[in-house]
Every structure is written in structure tokens, then in C-alpha cells.
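Tertiary structure, described
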Amino acid sequence: MKELYFENIAGNKQVIKDAIIDLESSEEVLMIRSGLNILDLAGWHDFLNSHPRLCEDRRHFNFENSLSLADWWEISYQPALASSYAYSKTRQPMHCDNAWFDDGAEINFFAMKRQAASGGEQSIYPLSRLLEDLSNLEPSLLNDLLTVPVKIKKGDGEYQHLTTILKDGDLIKCYWQFYRTEKKDLLVAKMCEYFFRFLQAQEATSSVYRVSCNTGDCMAFNDSLVLHGREAFEANEPFDRVLFQSMWKIKDDDLK
Ligand SMILES: [Fe+2]
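Described below are features of the structure shown in this document. Just so you know, these numbers come straight off a predicted model, no measurement behind them.

Quick notes on the rules
Residues numbered from 1 in each chain as written. Predicted model: local features only at pLDDT ≥ 70, side-chain atom pairs only at ≥ 80, totals over all residues. Heavy atoms only, no water. 1 Å grid on protein atoms, 1.4 Å probe; cavity = no way out; pocket = protein on both sides within 12 Å on 5 of 7 lines; lining within 4 Å. Points joined across faces, edges and corners; volume = space filled by probe spheres on them. Helix = DSSP H or I, 4+ residues; strand = E, 2+ residues; numbered from the N terminus. Nonpolar A, V, L, I, M, F, W, Y, C, P; charged D, E, K, R; others polar. Buried < 20%, exposed > 50% of the residue type's maximum accessible area, 1.4 Å probe, protein only. Pairing = 2+ DSSP bridges. Donors = N, O, S within 2.8 Å, 3.2 Å for Na, K, Ca; no water.

A word on the layout of surface pockets
- Size it by volume and the largest pocket reaches roughly 770 Å³.
- Taken together, 38 residues line the largest pocket, and the ones lying closest to its centre are Ala86, Gln92, Trp100, Lys154 and Gln177.
- Mapped by element, the contributors of at least two residues to the lining of the largest pocket are β4 (59-61), β6 (73-76), β7 (92-95), β16 (226-230) and β17 (242-250).
- The greatest single-element share of the lining of the largest pocket, amounting to four residues, is contributed by β7.
- Of the residues belonging to the lining of the largest pocket, the class tally is 18 nonpolar, 13 polar and seven charged.
- Put simply, the second largest pocket is a space of about 240 Å³.
- Asp102, Asp103, Gly104, Tyr175 and Ser224 are, among the 18 residues lining the second largest pocket, the residues nearest its centre.

Laid out in C-alpha cells, this is it:
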């Protein structure tokens, strides 16, 4: 994890922007401690949007699974909506956030408005560690994940992603959303169940590390080079934990 801490934004803009662009090909988690003290949510949005290589992706599925557009979306403890991980206080299994888009944003930017009294850490599984673990422990599953096509979709199907869960290219990338992957095909269903259980077991190993995002902290990571999840947390009242999230595409260098 790379940590930055600044008293103010002045003089540090380029360092922050460069660190975010570096995530294009990095499994690092970038933590900007007390980031909400130097800029508020609107300020961070404007700051990121002003970068010539960052482009906002405002597509967001709300609680009803319909697409809405927003600068930020809220992940908060709300008992009345707790059937969704976004509003529950339970552990959230590891996943990618943009797996159902075939043109999903690379950068996932979090701003922790209010962390829970205890728990709520992010679990992080860098893809290189995952590939190494699969190669050592489950080579057959690794082969399936690289070769079996799946369909990942959310909402009314306007956006869907036909892909393999691990996709080979300049970099191997991961597109994993267990609950949104179509499982009509028995082979796909078995593979998904097996991978889901594998990831759950791996959470208890040193391959998966935890990041504590405190109230006011911001963090960013590459959504397809890092699997992320969340530990259960203590919450008694609605909004005892509130996280805001935004997504950013990285434009090609030659578009500078
Ligand atoms: Fe997520």
C-alpha cells in the first residue's frame, strides 16, 4: 500500500494525480490519509476531473438495480436496505465493482465519510498473488477462469460483459462478480461456486491483506487488478458507516 498524507492540496496536486495514473498498471492500493480534510467530495470530483487523462464514469446502479448517473454514490449502513451489501454491515466477499461493463472504469476512488466504530476494513487480494495461488493450489480452476466465457450483467441487461473471469492481455485482468455472473450453464455455475469458495478460503491466508480506511481517508485502486471486499462492522444506527465511491477511466497517453 502506498500512503500519502498532506496538510493541504496546494503544491501536492501533481503528486496525487501521478499516483492515481500509476494505478493504471499497478496492484497497489493508494491511501490518501485525511483526504477529505484537504478537499470535500465536490472538490475531489473537480480535482480528478481536471486531469487530462482521467474521465469520470458516472454510471451507477441504484438499490433497484436501475441505472442512474452520479458524481458519487453512497455505500452506507441502512438496516431497511440491508438485503444489499451496499447497505448491510456484513462481510462482503471479494469482487470487482465494474465487472458488468465491457468498458468499465479502471480506477475506483473511495472517500470514507464515516468509518464504523470497529471493523469495516477492506480486504485486498492483488491479482498477481491470486494467480500465483491458483497456479499452486488450483491449476485446473485457473485454466477454467482463463478460458471459459461468462456473461456478467446488472440491471436490465443494457450493460453486460462477455468475457472470461481472468482475461489475458498486456496485463491479466479480473472481472469477478459472483452474484451478477449468469449461471445457466452448469460448467459456468460450478466454476463460479468453486472460485467463490476458493476466494473465501483465501481470505484467511496471508495472500489477502486488510486496509483500514479511517474517517476522512480517501483510497484508490485499479478495479480489475485488485479484488476487494469488506469486513463486517459494528453499527447500531443507520449511517454509522458511510463510504462514497466514484469511478474514473484512464484515457490513453496520446490523448494528453
Ligand atoms: Fe465493491
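Let us keep going from here.
Brief notes about the pairing of β16
- The buried count for β16 comes to five of five residues, which makes it a mostly enclosed element.
- Side chains Val226, His228 and Arg230 project from β16 onto one buried face, and the interleaved Leu227 and Gly229 project onto a second face that is buried too.
- For β7 and β16, the ladder comprises two bridges, and the chain directions are antiparallel. If you follow His95 over to β16, its bridge partner there is His228.

Overview of the coordination of the iron ion
- Bound to the iron ion on the protein side are His95 (NE2), Asp97 (OD) and His228 (NE2), at distances that span 2.1 to 2.2 Å.
- Expressed as a motif, the donor residue spacing for the iron ion is H-x1-D-x130-H.
- Classification of Asp97 as buried rests on a relative accessible area of 14%.

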